[in-house]
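Here is how the chains run, residue by residue.
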Amino acid sequence: MSVARPVRVHFAVDVENLQSHQSVYVVGSTDVLGAWEAKRAMPLVQDPDRNYSMRWKGSIMSEVDQLKFRYFIGYNLMSDQGEKLIVDKWEAFLHPRSTLCSAESRNGECRVDRVDLFGYYAGRKCVSDGWLQHPDENQILLRLHGNALKFYKTAKERKNCRVKMTPLDVRFKAPPSGHISFSYGEDEEDEEEDPNNASNKCTHSATHVAVLSDPRPKFYDQEETGVVFNNNKDYLVFRTHCLAAEFLAFYIEIFSEERKRIGACYALPSALQDASGIIHLPFINSSGRPIGQVSIEYLCVRALTRLDEPQLMDQTYCRHWKKRNALEVGHRGAGNSYTKFAMARENTIHSLNTAAKNGADYVEFDVQLTKDRIAVIYHDFHVLVSVARRDGHALPPPTMTREQLDSSNLDFHELPVKDLKLSQLKLLMLDHLSFPQKKENVKKLVEVSEEEEDFKPFPTLVEALTKVDPDVGFNVEVKYPMMQNNGEHECDHYFERNLFVDIILADVLKHAANRRIMFSSFDPDICSMVATKQNKYPVLFLCVGETQRYTPFQDQRTSTSMTAVNFAVGADLLGVNFNSEDLLKDPMPVKKANEFGMVTFVWGEDLDKKENINYFKKELGVDGVIYDRIGEEERRRNVFIVEREQKRALLSCSGASTPQRAPSPSPVSSENNNTSPPLSAKLTRNTQSDSALLEENEDDEVEGLADKLNITGFQSAPMVSIK
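Residues numbered from 1 in each chain as written. Predicted model: local features only at pLDDT ≥ 70, side-chain atom pairs only at ≥ 80, totals over all residues. Heavy atoms only, no water.

**Examining the nonpolar core**
Core analysis: the biggest nonpolar cluster contains 76 residues, and Phe 365, Phe 474, Phe 500, Ile 504 and Phe 519 have the highest contact counts within it. Of the residues forming this core, the biggest block, 7 residues, is contributed by helix α6 (residues 497-511). When near neighbours in sequence (up to four residues on either side) are disregarded, Phe 519 contacts Asn 475, Val 476, Val 478, Ile 504, Leu 505, Val 508, Val 530, Tyr 537, Pro 538, Val 539 and Leu 540. Membership of the second largest hydrophobic core comes to 32 residues, among which are Val 163, Leu 248, Ile 262 and Val 294. (Core = buried A, V, L, I, M, F, W, Y, C linked by side-chain atoms within 4.5 Å. Buried < 20%, exposed > 50% of the residue type's maximum accessible area, 1.4 Å probe, protein only. Helix = DSSP H or I, 4+ residues; strand = E, 2+ residues; numbered from the N terminus. Contact = heavy atoms within 4.5 Å.)

Here it is, written out as structure tokens:
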């Protein structure tokens, strides 16, 4: 809607602790603000007044009545195509800031005296890390843990050594601090580099570090002599962004407890060829003598390139959560059917719709890839293929039943799902892995008789997104095989991680429409990748923790629930999905997660008991419980539907017209990480009168209306507002 005449809209925002290479940008709903595309955003200018050095300002001429916008912090890196804008931090509120240009203007000027504080809006704080938006943008994670430092001749182990990692582009001359100095010999002189050559500008960011073994595991700038590392005690994660991964190297320095340099080495691009792995690098002292070895795990996260359109900043749910009663989530749809005999075969369209019909708020299911790279829903990494044996004379008669074949004439061959095409999974006679040992207690995976398509196993992710009741949310567990503590790998030689995640993300981003979505995974790296590749949906870290029931994983980040919380905080995830077995012994991880403002879910076999579900919901106050056979014993209704009906009823009673909203419910919320702004922010921010705030506070108004009308029993629905 256009205004009668153009209005000049002013932007002013205070940003604390900004780095010298960073700038502040505003992106918004008009073309001059980039139409929500980060790389087209408008840069703000730092206030020249030294008394307001943290203030950034700008203005535009606007012809629209309502203008929506967000601030973000960014910096430029150089690529072969020129400079590219990297989003470092951005305001991740569900609803962006908003101003009514004509209503708030005075003499053609709007927001003249308005000063915002970055990350604070309507009394809430919500800031998220950026995502990878350019095709050549990469995030490199280097991890030190376990027995990572080894000294060749030291009789006793060194303590409190310090490690620093400095990125460099091998095409360009390193700074004086970025090379090893020898006490002998003379280097051949490098070719002179043109200081005006644009290619000499930086292609990578500085390296930040997070100490997952520390009570505050968020990323921060490295000190000049690095960060303390002790073998088998500390867990360090170094993070760098770059636009030329094939030329990225790291200069690694080891310092003593007294901050004197012990030795150094290089991790060259040739050592980081794969998307993930572990490298063992010898480090030398200043005289060139090898004195030890450092072992580093690495992960290269590449940008999602399977989308036709850029990821915009108009709506995001990655940090959005409304704290209400616990969500109830149907495990594998209507429940585990192969060993617990749920009413519907698990992880099928029918099972997911059955759970929705039984009142599930969300359904949880497992996604993996077939050989032809199609995302399908199935829990185990392997299936059993039934092959009829020849009796030496002829094939079994066609009239023989499946049960007769099972007892007399079948061989079972275990095959990975990844080695079978979708058409093969649909056609072959398959069984669950437990079937041969426990025939009477395990339901068949495939029946001999013909079934309707919705009852068959291996539905595709796209089919689920388009055929399951849109009112039920999806908890998409991204299945990726891991090494277990017993030395067995869940499934060797799997898909490359970036390819695997990209296929699943593309399916969801293209077909989710208005459905509520959250992602989860037991693999910490998969969680990091899902959160880094997209800016729309939240991610929960699935944690096994300390267990006697399941085989633990080797990855240290999964070893305890407390460690899982620290990882999720450092990786900027929404929360943690805990194992009920671990929490029943020690509920402290939930308290720790709550202190960080994180969302907490619970899964596990203990939730087969109603008293345990009530304990987690009412006493621990978790945000969600995932269990089998939802709604079978006790009927319930989807809380999103209930809330929508209650709002309509209350608005009807008050005589108010129903607000025009999206076709699918878009509940509003407080963001997690709720904190009050500093006093300075309260003094500079004016009273909000934005329509976005009216939407955000709609639930509170409806509850207040219920009180005025003397209506009891109104219960707001617990929800993640994923569209």
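**Notes on the pairing of strand β6 (residues 66-79)**
Within β6, 11 of the 14 residues are buried, which leaves it mostly tucked inside the rest of the structure. Pairing between strand β2 (residues 23-28) and β6: 6 bridges, direction antiparallel. Bridge assignment links Val 24 to a residue of β6, and that residue is Ile 73. When β6 meets strand β8 (residues 97-100), the two strands line up antiparallel, connected through 4 bridges. From the neighbouring strand, Phe 69 faces β8, where its bridge partner is Arg 97. Bridge count for β6 against strand β7 (residues 82-91) is 8 bridges, and the pairing is antiparallel. If you follow Ser 79 over to β7, its bridge partner there is Gly 82. The hairpin turn running from β6 into β7, its antiparallel successor, is 2 residues long. (Pairing = 2+ DSSP bridges.)

**Notes on a nonpolar patch on the surface**
The grouping of Val 170, Tyr 266 and Leu 268 at the surface amounts to a nonpolar patch, some 230 Å² of accessible area in total. Looking at the secondary structure, you find Leu 268 in the loop between β22 (261-267) and β23 (276-284). (Patch = residues over 30% accessible without salt bridge, like charges linked within 9 Å, V, L, I, M, F, W, Y side chains within 5 Å. Areas by Shrake-Rupley, 256 points an atom, 1.4 Å probe, with all protein chains shown as cover. Salt bridge = Lys/Arg side-chain N within 4 Å of Asp/Glu carboxyl O.)

**Thoughts on helix α10 (residues 588-595)**
Those residues of α10 lying buried are Pro 589, Val 590 and Ala 593. Down the axis of α10, the sector holding all buried residues measures 100°, keeping them to one side. Taken together, the buried residues of α10 touch α8 (561-570), β34 (575-579), α9 (580-585) and β35 (599-603). Residue Gly 597 follows α10 closely and has a positive phi angle near 75°. (Arc of directions from axis to C-beta.)

**Looking at the packing of α8 against α10**
One can describe the packing of α8 onto α10 by two numbers: an axis separation of 9 Å at closest approach and a directional angle of 15°. As far as their axial angle goes, α10 and α8 are roughly parallel. Handedness of the α8/α10 crossing: right-handed. Contacts between α8 and α10 involve Ser 561, Met 562, Val 565 and Asn 566 on the former and, on the latter, Met 588, Pro 589, Lys 592 and Ala 593. Grouping the amino acids of the contact of α8 with α10 by side-chain chemistry returns 5 nonpolar, 2 polar and 1 charged. (Axes fitted to C-alpha atoms, helices over the stretch in contact; angles between N-to-C directions. Parallel < 35°, antiparallel > 145°, perpendicular 65-115°, else oblique. Left-handed = near helix turned anticlockwise from the far one by under 90°. Nonpolar A, V, L, I, M, F, W, Y, C, P; charged D, E, K, R; others polar.)

**So, the environment of Glu 477**
Relative to the assigned elements, Glu 477 resides in strand β31 (residues 473-478). Residues Glu 477 and Val 539 lie 62 residues apart in sequence; the distance between their C-alpha atoms is 9.7 Å. When near neighbours in sequence (up to four residues on either side) are disregarded, Glu 477 contacts Glu 364, Phe 365, Asp 366, Val 367, Ser 520, Phe 522 and Leu 542.

**Considering unusual backbone geometry**
For Trp 36, which is not a glycine, the phi torsion comes out positive at approximately 75°. Structurally, the position occupied by Trp 36 is in the loop between β2 and β3 (42-43). At Arg 111, a position not held by glycine, the phi torsion is positive, near 65°. For Arg 111, a relative accessible area of 6% gives the class buried.

Interpretation in functional terms is not warranted from these geometric data alone.
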